[in-house]
Amino acid sequence: MNNKTTNIVIDARWIFKEISGIGNYTRQLIKHLAQIDFVNNYVILFNDLDILQRTVMETEFDKNPNFRSCLFPYGVFSPINQILLPYHLKNINCGIYHSTNYMMPLLAFPLTKKKRRQHCIVTIHDVIPLLFPKAAPKSRKARLFPIYCFLMRQIARRTDLIITDSDASRADIIRTLSISPSESSKVRTVYCGVSPSFSSREKKLPQFSASNHARLLYVGRMDPYKNVVGLIKIFHKACQICNFPLELTIAGSVDPRYPEAPALVKKLGLDHLIKWTGYLADDQLTQIYQESDLLVHPSRYEGFGLQIVEAMASGLPVVCSNTSSLPEVAEDAAVLLSPDDEDGFALNIKNILSNSAKWEEMRRKGIQRAKLFSWNKTAEIMKNIYTELLEQNSIS
């Protein structure tokens, strides 16, 4: 295959109006590939003109002559997408199709690889619905669980490579999707990066008083596996044992499907101490990390835990769960606890915010740890993977 005449198609239809973790992953991958790859040719696939134009502005991929965009008028979950996208990929001379989340056009990639016209890469960030079927009971994946299970197993059989964000996720993917030892090399770990906008400023632990609360931060979704109910209980216990006042900011879109955490806040009388920000744009999220004193993240499962690295890069100490990928990502730069150890979380909140030397040590370790994760490195690894597949010359 001649990599000058074929295209690497990156499916950017996972970038929505409100940028999610997957949308950010897609956006950062496109941005940094456009900065380093002037050999391979890329087509960036969208289904919304406004998002296309915004992504061009945010990533400037149009400045690389090897990159162009393409509008395809169907979303990733549309049945028509499954029927028509294979023909569209053929028409735009696709050599590699990369879906930055689990969905793929099955008809474009027959189980018999000799019949294929192009390679497929799928990024699977996690397999939470397979690990914890009741973890997000009102999500699309839970409501359509049999279809999701079928799709995931088909994807595992049909794709050439699965990219995931951590070794913990890799092990879970291999196990839950029954990938044989002989096929396990097709599942590769490529760590996410952290944007330079999340940079540390010179900061010391402030003196807390009645007019200057210690500011705790949570960043993420409201799904039950994120353990936001546990976070509220931790915060309540921390308020009882700390000899200084606390406030908690919960950054992320409120999800009406899961009212349990807001209901608990009201029951415990914590409304005046907890702020729900709703969706935050990039600059707002950067600012809220800078304004906080400690990130608290008792999630039960993370495929990577981007908020952990963003907090560390911002110079914010972290107390988080010791489950899934979080120990792998944080190592000794965070305090790691069982997500069910509410007393332990509360006590560490008190100890860190009461001890400026401890707080500064964690801040320093976090900044150094975050330097290991960059989107440039992610893009460089992905560029090499694309090139490797293009050079196989295995497609007729």
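Whatever comes next refers back to the structure up there.
Structural notes, computed from the coordinates. Keep in mind that this is a model prediction, so the values were computed, not measured.

Within the secondary structure, Q82 is located in helix 3 (residues 79-91). A polar contact of 3.0 Å, which involves the side chain of Q82, links it to the backbone nitrogen of L106. In contact with Q82, other than residues within four places in its own chain, are M103, M104, P105, L106 and L107.

As a further point, take the pattern of salt bridges. This structure, assessed with the given rule, holds 22 salt bridges. D343 is paired through a salt bridge with K237; the nearest N and O atoms lie 3.1 Å apart. Note that D343 is positioned in helix 13 (residues 342-354) and K237 in helix 8 (residues 228-241), a separation of 106 residues in sequence. Measuring nitrogen to oxygen at the nearest pair gives 3.9 Å for the salt bridge that ties D332 to K365. Placement of D332 in the loop between helix 12 (326-330) and strand 13 (335-337) and of K365 in helix 14 (residues 356-370) is noted, with a sequence separation of 33 residues between them. What makes D332 exposed here is its relative accessible area of 55%. Salt bridges sharing partners connect three or more residues here, namely R27, R54, E58 and D282.

On to the environment of I96, then. Secondary-structure assignment places I96 in strand 4 (residues 94-99). Owing to a relative accessible area of 0%, I96 belongs among the buried residues under this scheme. Along the primary structure I96 and Y386 are separated by 290 residues, whereas in three dimensions their C-alpha atoms are 7.4 Å apart. With sequence-adjacent residues up to four places away left out, I96 is seen in contact with N7, I8, V9, Q118, H119, I121, Y386, L389 and L390.

The geometry of helix 11 (residues 306-313) relative to helix 14 is characterised by a closest axis approach of 7 Å and an angle of 115 degrees between their N-to-C directions. When you trace helix 11 past helix 14, the crossing you get is left-handed. Counted together, V309, M312 and A313 of helix 11 and G366, I367, R369 and A370 of helix 14 form the full contact between these two elements. Of the residues assigned to the contact of helix 11 with helix 14, the class counts are five nonpolar, one polar and one charged.

What follows concerns the pairing of strand 11 (residues 294-297). Of the two faces of strand 11, the one lined by L294 and V296 and the one lined by L295 and H297 are each fully buried. Across three bridges, strand 11 lies against strand 12 (residues 318-321) in parallel orientation. The residue of strand 12 that forms the bridge with V296 is V319. For the crossover from strand 11 across helix 11 to strand 12, the handedness is right-handed.

Basis of the calculations
- Residues numbered from 1 in each chain as written.
- Predicted model: local features only at pLDDT ≥ 70, side-chain atom pairs only at ≥ 80, totals over all residues.
- Heavy atoms only, no water.
- Helix = DSSP H or I, 4+ residues; strand = E, 2+ residues; numbered from the N terminus.
- Polar contact = N/O pair within 3.5 Å; in protein donor to acceptor, adjacent residues only side chain to side chain.
- Contact = heavy atoms within 4.5 Å.
- Salt bridge = Lys/Arg side-chain N within 4 Å of Asp/Glu carboxyl O.
- Buried < 20%, exposed > 50% of the residue type's maximum accessible area, 1.4 Å probe, protein only.
- Axes fitted to C-alpha atoms, helices over the stretch in contact; angles between N-to-C directions.
- Left-handed = near helix turned anticlockwise from the far one by under 90°.
- Nonpolar A, V, L, I, M, F, W, Y, C, P; charged D, E, K, R; others polar.
- Pairing = 2+ DSSP bridges.
- Right-handed = clockwise from strand over helix to strand, strands pointing away.

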